[in-house]
Structure formats: structure tokens, C-alpha cells
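Topology and contacts: notes
Here are the chains, one letter per residue:
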Amino acid sequence: MINKIHDEEIRILISDSNPENRKAFSKALKEKYLIIEAENGAETLRVLVEENYSIDLMIIANKLSDKTLVDVLKDLKNNYYLEDTPVMLIADGIQEDIQDIYDMGVLDCISTDMTKEAILRRVENALMLTIKQRSFIHIMREQKKEFIDGDMQIQNIDQLTGTFNIDGFRKRAKYLIEHNPNESYAVWFCDIKKFKFVNDLFGYEIGDRLIRYWAGLVVKLLGDNEACGRFSGDTLVSLTKFRGEEDIRKNFEMVCEKVGNYLIRPGVNYSVEIAAGIYKLKPEDMSNPNINQMIDWANVAQKSVKNTSGNQLGIFGKEMWYKQWRELVISQSIESALENGEISVWLQPQFNFVTNKIIGAEALCRWTHNSLGWISPGEFIPILERTGQISQLDYYIWEQACKLMRKWLDQGSFIPVSVSVNISRIDLLDDKIDNRLVGLLEKYNIPASMLRLEITESAYMSKPEVLIDIVNKLHELGFTVEMDDFGSGFSSLNMLKEVQVDVLKMDLRFLQNQDNSEGGKGRKIIKAVIRMAHELTIPVIAEGVETKQQALFLSSVGCAFMQGYYFSKPLKVPEFEKLVKSMIEKGKNNKIKDMDSIIENDIQENSARIIPLKYSHYLLTPDFKLAKCDANFTEITGYTWEDIIENQLTQYDLILEEERAVYRKIIDDTLKDSKEVYLKHRIKRKDGTAVFVNCLGHPAINGYTGEHCFAVRIVADMTEK
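Conventions used here
- All residue numbers here refer to positions counted from 1 along the written sequence of the relevant chain.
- Two thresholds apply to this predicted model, a pLDDT of at least 70 for residue-level local features and 80 or more for giving and counting side-chain atom pairs, whereas whole-chain, interface and lining totals are computed over all residues.
- As a rule here, side-chain values come from all non-hydrogen atoms in the structure, and water together with hydrogens is ignored.
- Secondary structure is summarised from DSSP: a helix means a run of H or I of at least four residues, a strand means a run of E of at least two, and numbering begins at the N terminus for each.
- Relative accessibility thresholds used throughout: buried, under 20% of the residue-type maximum; exposed, over 50%; partly exposed, between the two (1.4 Å probe, protein chains only).
- Computed with a 1.4 Å probe, the accessible areas rest on the Shrake-Rupley method; for each residue, only the protein chains presented here act as cover.
- Criterion used throughout: strands pair if DSSP finds at least two bridges between them.
- A contact between two residues is defined here by any heavy atoms of the two lying within 4.5 Å.
- As a rule, the C-alpha atoms of each element are fitted with a line to give its axis, helices using only the stretch in contact, and angles between N-to-C directions run from 0 to 180 degrees.
- Here the word oblique covers every angle except those under 35 degrees (roughly parallel), over 145 (roughly antiparallel) and from 65 to 115 (roughly perpendicular).
- Amino acids are sorted into nonpolar (Ala, Val, Leu, Ile, Met, Phe, Trp, Tyr, Cys and Pro), charged (Asp, Glu, Lys and Arg) and polar (every other residue, Gly among them).
- When two cysteine sulfur atoms lie within 2.5 Å, the pair is treated as a disulfide.
- Here a salt bridge means any side-chain nitrogen of Lys or Arg lying within 4 Å of a carboxyl oxygen belonging to Asp or Glu.
- Read the arc as the range of directions from the helix axis to the C-beta atoms.
- Here a polar contact means two N or O atoms within 3.5 Å. Within protein one must be a hydrogen donor candidate and the other an acceptor candidate, and residues neighboring in sequence count only if both atoms are side-chain atoms.

With respect to the overall build of the protein
- Counting secondary structure elements, the protein contains 27 helices and 29 strands.
- Per-residue burial over the protein gives 49% buried out of 721 residues.
- Total accessible area on the protein is roughly 36,200 Å²; 50% of this is exposed by carbon and sulfur atoms.

Written out as C-alpha cells, the structure is:
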């Protein structure tokens, strides 16, 4: 016969407006249990509260003088401290179907016409079902023992879960550690993954129920001299005895299994996942417990596994302590590092693969710490992003890049290249970012076109409206905006549609592993991205090019601009300058020029003439399609670039039929010998008339796609002559 739980006499509340029924059940049960009576619903709830929520079983009639059983059950469900109270029904006089009542949690029913033995047996069976539930109440009583004042109890109890709030947990944990110095303890820090998604998808009420259910499971596993508390919204902390890692993992998996299935129902298959961290107390922790520090260490362990899929448990160790210490040192020394020159700007060149020219550089940073030594950017940049200090580093890099480009401009013999710098998500929250950047341009007197700005997709995802507004302002000021890491996230296409970017920077992670094979998905995706960018007339820079095979593939699909270790690792500034100068010297001996270089050279030569010539330029692909033209070409022929694209015009559409064969032979010979050729021929205008022109033809490169082409320079309109 069960008559005690945790050495405390079992309390049974009999609620019935009929005094004879109360008397009959009390007589049958009072020899074994402590009986309390209530004559209506209001008194029932009052007794439950006054008894400190410690009623072990409630036997209640279907109808009381002021409430029905259903009303009382609803009152219980609306009070976390009472919602798990075990209930049995007095079935005397019930005619209707009571299935709904059982669905609300009623365990069983008894009636006055049953024998004493039958009543005792049913009550005992109900109590057997609730032993674990009563263990929860017992532990809560134990947790409250140190708080004598009732007001103090309320101040230290979390109203949602009934466990301690964080202040109450700190006090209770400190008390338990100090009063059990020989015990081996561990502090837990547990968090529900993507809890915001649970609230958004299922509603806040369901989210609260999930938290209460989870807390109840944790508390039921607690033994004597252990405690649990709610740290914040979806985070629980607890102090448990450490009985070995195997026991710890067993309990964790048990809770995860039940919590994971909480939201699963017909039509809904969402599994809740938990990330937990544990800090095992050391001997020095027992003698001088710093609860906040212990919680922090457990949180570090939790963060180390939170981004791994599935339920994860991390145990704090020396490696985590060292990592935490390094993060602290790094965050505290960034200001002095910038002042003392520990952080330096390095440059990674960007190449046109076809022309083998340097077209720009990306500004990177390297940190040689005065005590930690060399620190990888992969370590210190994420730390500065988390601490909100990344803007200090960004501002420093921006200024160093501007200072460097001013030096290049002052060196008459050195041809400067544009430099791209990173704009972090935090930088975009600065409503004066445009003023900062313009201030640097004015301070060092450099054009906006030389300072290119890289913005990642994550910046768009956090605050798209802000990003769109800022990018528009930057464009008005003349800056080139590059979209970094295109394709690495979920919103790349949306950002491309909404934000006015000038350049796409595409990381070659698509070409890793099996995707690097011929016909692999990665290659197909890259080819599609490049084709799309061409349609939008947006240049693409491929980052992370590490092999010749990758470079050749990119060139074959129309991407000439590349950056990566195949061409050059990031360089110190003097090494970069040396490389650029050597590339310039090599370029002077290169017979094949790209179209932009030809046009630029013509403009420079014309500026020195007393009577400038009116050149017109157009570019032909190997299959004689028109790939590029300038405004002068439109003036001579009447064809606009839109006409060429829409009608897919070729050189044959412009040349009289009787001249085509001769023209083709001249071009073929020129491409074969890589030499300049003089041409005279007639061009058909859009209006049907013809013009007679003198031309110079060159083997050339389409600097936009890297394709070998034939450049034509119309030097004179000879029609009148």
C-alpha cells in the first residue's frame, strides 16, 4: 500500500458539494491518507494554493455548486503549478458520455456504491501513475526550503516554468555547492535550437507549453541536492551531480527524445532539437563557487556544438578554455593593435586571365600580435564581428587603402590599380558611412572609382531596405559596389534583383570535390551564373582559383577576371607593387591587346593631336558576331547596341555580299599572323545605304569575356571621296 511519497504523507483532496459523498470517501481513505475536503470549485482552488501545490491526488465530483468539473480542469490547465495535479472523478449520478473528461486528463473514476477495498485499490493505482509527477513537486519543495519568506519565494521562481529564475538558481546552486563540498557537480546550459522558428510557426502559446514541458522533464530527473532554473527565453540551466559522462549523455538523450517528439502530430513532422553544454566543477570551484563563471563556461561548451545539426552535447575542456581566453585577449587588444601597427594591409591581385594583366586587388589584413604572435583572419574577424568591433578594423583598412592609392598616384611611373575593401554588416548600420567614405576620398584626393566596395549577402538578409538605400547613395557618389560571395547564401538572386551591384564576386566552392568533374553540377551552375551576369552586363570575378584547370574552365565559359592562389597569394604591399611593375613591363611586349586598351590608347593619342581623328570601334567574335561597339559606330552605321543584340547581327550583315569572301580571308590571315591589317570596304547602313570606310584590324581580346576576337577601328569615312 502506497501511503507516502518521499517520506511525506500523501494528501488527497475530496471536492464535492454533497457532504454525504465527502464523508463516505473520507471514511474509506482516512486510515491510509491525509484527507482534505472542499465543498465547491472556489474552495478547491484555494485549498490547492494554500497547500503549496502539494496535493497528491484530487477526487472531484462532475458538478459542484459553482463550477463543473470541466471548469475546474480548465482552471488547473491555466495555472502551471496546478496543471499536472492528478484527478479522479466521482461518478455518482453521471448519465452523459464522459470520454471528453478522460481526454482532459482524468485518471479514473470511483463511486459511493463501491466497496472500501475497491475504492482503495483504484486510488492506489492512480497514485502509482503519478509517483514521478509527485517527484517533481517534492523536488520543488526541496528547492524552496532555503527561502523562508513567501515573498522571497516568488521573487526567485520563474513564473512560466515553476523552476528557479536565474537569480534564484544562482543562490540555490551556490547553497548546494557550499553545503555539499564532497559532491561532484556539473553545471548545464541548454538551449532549444531555432526556438524563434517554433514561435513563428506554431505560436507563442505552443512555444510556452514546450518550454514548460521541457523544464518538467528536466526537473523530474533531478535528485536530492540538485537544482534547475530558467536562464532566459528558451534556455535552461541546472546543477546536477556528475556521475560520469555516460550517465550524463544517457539523461540528455532521454530528454531530447521526448522534447523532440513534442510537436509531432498528424500533418506536422517538426522535431525539436537541443544544444547543451556542461562544465564539470573543479576542486577550487567547490571552495569558492563563482556561479556566473560556471554558467559562462557551460555556455561556451553549448555554443561549440550549437551549429551542428541534431541534438548535441558539448563538455567544457582545456581547449575551450584556451579558445575563450584567446577571444578575450583579441577583443581587448584590437584598439592598441591598430594604434601600434600590429595589423597591416596585404593585397591579393585580381587578374584578367586572357591578357595576363592585373586589373585590381582586394585589401586583406594580417595581425601579428605582440604576445600571441600571428593570428589568422579566420580567427580574429569572426570574434570582432561578434563583439561589434569589426567597424574599427574596417575603418582602418579603408584609410590604409586610400593612403596607398594616393602614394601610387604620386608615383608618376607607377600605374595605379583599384582596390576593393570590405563593408561589413555592422558598417551598414552607420548612417554616416557615406560621409566616412567620401571624407577619405577628399582627404587623400583619390577618385571614387579606385575604391571598390564589397558587400556580402548576409548584409542584405539582415536589413535589405537599409542596404538598398545605402548602395544607391554610394552609386550617386561614384563608388563601384561589388557583391561578395555570390551564391553562398539563400538570397543571392533576390539581392541581385533588388540591389544595384556593379560586379559579382563568385567563390569557387562550387568546383570542390566531385563538382569539379566534367559535366558536374558545380560547373553547370557556374556557367549559368556567368551567362546570367553577361545578360545583365555585370562583370564576374571568380575568387579562390587554385588550379590551371579551374582557370581554363572559367575562361572557356566567359569569365576572364580571376583571383586566387593559382595567380598569387595575398602579398605585402612592396611585393604587390613589384609584381604590378613587372606585369606592366611584360605587357609592353604583348602583341595582342584587349579592346578597352585599344580604345584607351586611341583616346590618349587623339588628345595629343591638333585636329583629333574621329575613330569608331567594333569587335568581332571568331564566328563574326558583333561583340562590342562604341557610339561613333552607331553614328556611322545607324545601328545601336540594342539593334545588334536583338537581331544578333554579324559582320556579314554589314558587308556587301561580293566583298565577304575577301574580307574573311584578310581576317583569317591577320588572326593567324597576329598582325595589324589595313582594310577598305563598304558597310551597309541600317537605312539601306552604304558607306565606304578605311579601317585598321587587330587581333584582340574581349576584356569582358576573355575571348579571342578581331578588333576593327574605322579611321575614315571615304564615301564622299
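What to know about the sheet that holds strand β13 (residues 312–315)
- The sheet built from six strands is open, its strands ordered β8-β10-β11-β9-β12-β13 with mixed pairing. This sheet does not close on itself; its edge strands, each paired only once, are β8 (164–165) and β13.
- The pairing of strand β9 (residues 185–192) with strand β11 (residues 235–241) spans seven bridges and is classified as antiparallel. When the bridges of β11 are listed, Asp 191 appears paired with Thr 235.
- In the packing of helix α10 (residues 204–221) onto the sheet, contacts are made with β9, β10 (227–232), β11 and β12 (274–280), and the angle to β9 comes to roughly 160°.

Re the sheet that holds strand β7 (residues 108–110)
- Strand order in this open sheet of five strands is β4-β3-β5-β6-β7, and the pairing throughout is parallel. Both edges of this open sheet fall to β4 (34–38) and β7, since each of them pairs with a single strand only. Along the sheet, successive strands turn relative to each other by an average axial angle of 25°, direction set aside.
- Two elements, strand β5 (residues 57–61) and strand β6 (residues 87–90), share four bridges in a ladder whose sense is parallel. Residue pairing for β6: Ile 60 is matched across the bridge by Leu 89.

With respect to the packing of helix α9 (residues 195–202) against α10
- Running from N to C, α9 and α10 point in directions that differ by 135°, and their axes come no closer than 6 Å. The orientation of α9 with respect to α10, classified from their angle, is oblique. Here α9 contributes Phe 195, Val 198, Asn 199 and Phe 202 to the contact with α10, which in turn contributes Tyr 204, Ile 206, Gly 207, Leu 210 and Ile 211.
- Its residues assigned to classes, the contact of α9 with α10 comprises seven nonpolar, two polar and no charged.

Observations concerning the pairing of β5
- Within β5, five of the five residues are buried, which leaves the element mostly enclosed by the surrounding structure.
- Both faces of β5 are covered, namely the face carrying Leu 57, Ile 59 and Ala 61 and the face carrying Met 58 and Ile 60.
- In the sheet, strand β3 (residues 11–15) pairs with β5 via four bridges, with the strands oriented parallel. Its bridge partner being in β5, Leu 13 is matched across the sheet by Met 58.

Considering the side chain of Lys 193
- Within the fold, Lys 193 resides in the loop between β9 and α9.
- Leaving out residues up to four positions away in the same chain, Lys 193 has contacts with Tyr 270, Glu 273, Ile 274, Ala 275, Val 305, Lys 306, Thr 308, Ser 309, Gly 310 and Gln 312.

Here's the deal with the state of the cysteines
- Under the criterion given, the structure shown has zero disulfides.
- Just so you know, Cys 256 is unpaired, no disulfide at all, and the nearest cysteine sulfur is the one on Cys 190, 8.1 Å from it.
- Given a relative accessible area of 5%, Cys 256 falls into the buried group.

Describing the pattern of salt bridges
- If you walk through the whole model with that rule in mind, you get 28 salt bridges.
- A salt bridge links Glu 37 to Arg 22; its shortest N-O distance comes to 3.2 Å. One end of the pair, Glu 37, is in strand β4; the other, Arg 22, is in helix α1 (residues 19–29), with 15 residues separating them in the sequence.
- The exposure class of Glu 37 is partly exposed, given its relative accessible area of 34%.
- When its relative accessible area of 10% is taken as the criterion, Arg 22 is described as buried.

Observations regarding α1
- Among the residues of α1, Asn 21, Arg 22, Phe 25, Ser 26, Ala 28 and Leu 29 are the ones counted as buried. Along the long axis of α1, the arc covered by the buried residues comes to 160°, so they all point the same way. Of the exposed residues in α1, the ones pointing more than 90 degrees away from its buried face are Glu 20, Lys 23 and Lys 27.
- With a side-chain oxygen lying 2.9 Å from the backbone nitrogen of Glu 20, the N-terminal cap of α1 falls on Asn 18.

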